[in-house]
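Below are the chains, spelled out letter by letter.
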Amino acid sequence: MTPARASSPVRPVKEDHLGASTFIEKGWHSIALGDFAAAEKSFETALKHAPSDGQARTLLAWAMMRQGRFDEAVAILDDVLGRDPMNALARATLGYVSMRQGRLPEAHDHMSRAAAQMRDAKAALYGCFYLGLLYGQQRDAIEAERYFRKTLSLAPNFIEAYYELGRTFWILGDKAEAENVWKAGNTANRFSDWGKRCAEAIRLSREGKEPPSYS
């Protein structure tokens with residue numbers, strides 16, 4: 001009788017986090033340009049290099065949510081936070097998805113926790129920005145302005161915050177203040193897409209039309 005062979009030990013898969021980082025940066029660039037489909041492809045490629053990379057998985061969910069695929073994004077984010085409850089960027093992203101799905105108390109909890117932590121500056125930035133959106137949606141101009149201003153104190157070139165703060169004032173009927181905010185956003189970076197949107201918002205406002213939300 002032939003003796004049974006001992007099974008070979010299973011070797012852990014070696015992940016290439018350095019290779020993944022190249023595609024993560026490429027994906028971030030696509031997000032900045034608003035090309036979320038391209039960002040998704042970059043993060044998927046990053047995960048082929050490092051399947052367990054929490055940042056790549058979080059950003060993949062982000063790209064999906066910005067394409068309106070909220071259930072897919074939630075499934076990824078829940079798993080990321082289940083493995084790492086301290087992942088603040090995943091928490092901020094889940095807060096945004098919760099807001100878009102109408103789960104406002106849950107959204108506020110996730111956003112507030114992301115905004116308050118100090119480990120991840122980018123997560124704190126987006127936590128504040130999303131809180132501005134949330135309060136704007138609730139027509140609370142004081143809190144919306146507070147969080148949009150805090151966003152701009154953390155990142156003065158985050159022109160999207162100027163744009164959305166202006167929309168908050170416009171929706172609440174303060175069109176003069178809305179125009180002042182958009183002027184400030186356009187002046188801060190007139191050549192960026194968001195700076196141009198601020199200028200376009202002024203034009204639409206003067207025509208009596210509501211500037212659209214892109215966030």
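Keep in mind that what you see is a predicted model, and the values were worked out from it rather than measured. (Residues numbered from 1 in each chain as written. Predicted model: local features only at pLDDT ≥ 70, side-chain atom pairs only at ≥ 80, totals over all residues. Heavy atoms only, no water.)

### Focus on the overall build of the protein chain
And step 1. The helix and strand tally for the protein chain stands at 11 helices and zero strands.
And step 2. N-terminal to C-terminal, the α/β element order of the protein chain is α-α-α-α-α-α-α-α-α-α-α.
And step 3. Overall, the protein chain is about 90 × 35 × 30 Å in size when its C-alpha atoms are taken along their principal axes.
And step 4. Per-residue burial over the protein chain gives 47% buried out of 215 residues.
And step 5. Across the protein chain, the fraction of contacts at a sequence separation of at least 24, relative to all contacts at a separation of at least 6, is 49%. (Helix = DSSP H or I, 4+ residues; strand = E, 2+ residues; numbered from the N terminus. Buried < 20%, exposed > 50% of the residue type's maximum accessible area, 1.4 Å probe, protein only. Contact = heavy atoms within 4.5 Å.)

### Topic: the side chain of Ser205
And step 1. Residue position: Ser205 is located in helix H11 (residues 193-206).
And step 2. The exposure class assigned to Ser205 is buried, which follows from its relative accessible area of 9%.

### Comments concerning the nonpolar core
And step 1. Counting residues in each nonpolar core, the largest one holds 65 residues, and the members touching the most others are Phe43, Trp62, Met65, Tyr130, Phe158 and Trp182.
And step 2. The element that contributes the greatest number of residues to this core is helix H7 (residues 121-137), accounting for 10 residues.
And step 3. For Trp182, the residues in contact, after removing those within four places along its chain, are Tyr162, Tyr163, Gly166, Arg167, Trp170, Cys198, Ala201, Ile202, Ser205 and Pro211. (Core = buried A, V, L, I, M, F, W, Y, C linked by side-chain atoms within 4.5 Å.)

### Side note on the packing of helix H9 (residues 159-171) against helix H10 (residues 175-188)
And step 1. Between H9 and H10, the shortest axis-to-axis distance is 7 Å and the interhelical angle comes to 170 degrees. The angle between the axes of H9 and H10 places the two elements in the roughly antiparallel class. In this structure, H9 contributes Ile159, Tyr162, Tyr163, Leu165, Gly166, Arg167, Phe169 and Trp170 to the contact, and H10 contributes Lys175, Glu177, Ala178, Val181, Trp182, Ala184, Gly185 and Ala188.
And step 2. The residue inventory of the contact of H9 with H10, partitioned by class, reads 11 nonpolar, two polar and three charged. (Axes fitted to C-alpha atoms, helices over the stretch in contact; angles between N-to-C directions. Parallel < 35°, antiparallel > 145°, perpendicular 65-115°, else oblique. Nonpolar A, V, L, I, M, F, W, Y, C, P; charged D, E, K, R; others polar.)

### Comments concerning the environment of Leu94
And step 1. Mapped onto the elements of the fold, Leu94 is located in helix H5 (residues 88-100).
And step 2. Exposure remark for Leu94: the relative accessible area of 3% places this residue in the buried category.
And step 3. For Leu94, the residues in contact, after removing those within four places along its chain, are Val74, Leu77, Asp78, Leu81 and His110.

### Regarding the packing of aromatic side chains
And step 1. Counting across every chain of the model gives 13 aromatic pairs.
And step 2. Geometrically, the ring pair formed by Trp62 and Tyr126 is edge-to-face, given 4.7 Å between the ring centres and 80 degrees between the ring planes. Placement of Trp62 in helix H3 (residues 54-65) and of Tyr126 in helix H7 is noted, with a sequence separation of 64 residues between them.
And step 3. Classification of Trp62 as buried rests on a relative accessible area of 2%.
And step 4. When its relative accessible area of 14% is taken as the criterion, Tyr126 is described as buried.
And step 5. Centre to centre, the rings of Trp194 and Tyr214 are 5.8 Å apart; their planes meet at 80 degrees, and the pair counts as edge-to-face. A residue pair is termed long-range when its members are at least 10 positions apart, and Trp194 in helix H11 and Tyr214 in the segment after H11 qualify at 20 residues.
And step 6. Owing to a relative accessible area of 36%, Tyr214 belongs among the partly exposed residues under this scheme.
And step 7. An aromatic cluster is built from Trp28, Trp62, Tyr96, Tyr126, Phe129, Tyr130, Phe148 and Phe158, whose rings are joined through pairwise contacts.
And step 8. Looking at Arg197, its charged tip hangs above the ring of Trp194, at a distance of 4.5 Å from the centre.
And step 9. Its end group placed over the ring of Tyr214, Arg197 keeps NZ or CZ at 3.9 Å from the ring centre. (Phe/Tyr/Trp six-rings, centres within 6.5 Å; stacked < 30°, edge-to-face > 60°. Lys NZ or Arg CZ within 6 Å of the ring centre and 35° of its normal.)

### Brief notes about the environment of Glu160
And step 1. Within the secondary structure layout, Glu160 lies in helix H9.
And step 2. Sequence separation between Glu160 and Ala115 is 45 residues, and the spatial gap between their C-alpha atoms is 17 Å.
And step 3. Residue contacts for Glu160: discarding those within four places in its chain leaves Phe129, Trp194 and Ser215.

### Quick notes on the pattern of salt bridges
And step 1. This model, assessed by the stated rule, comprises 15 salt bridges.
And step 2. Across the pair Asp79 and Arg83 runs a salt bridge, and its minimum N-O distance is 2.9 Å. One end of the pair is Asp79 and the other is Arg83, both in helix H4 (residues 70-83) and four residues apart, which spans about a single turn.
And step 3. Look at Asp79 and you get partly exposed, because its relative accessible area is 28%.
And step 4. A residue is classified by how much of its surface remains accessible, and Arg83, at 65% relative accessible area, is exposed. (Salt bridge = Lys/Arg side-chain N within 4 Å of Asp/Glu carboxyl O.)

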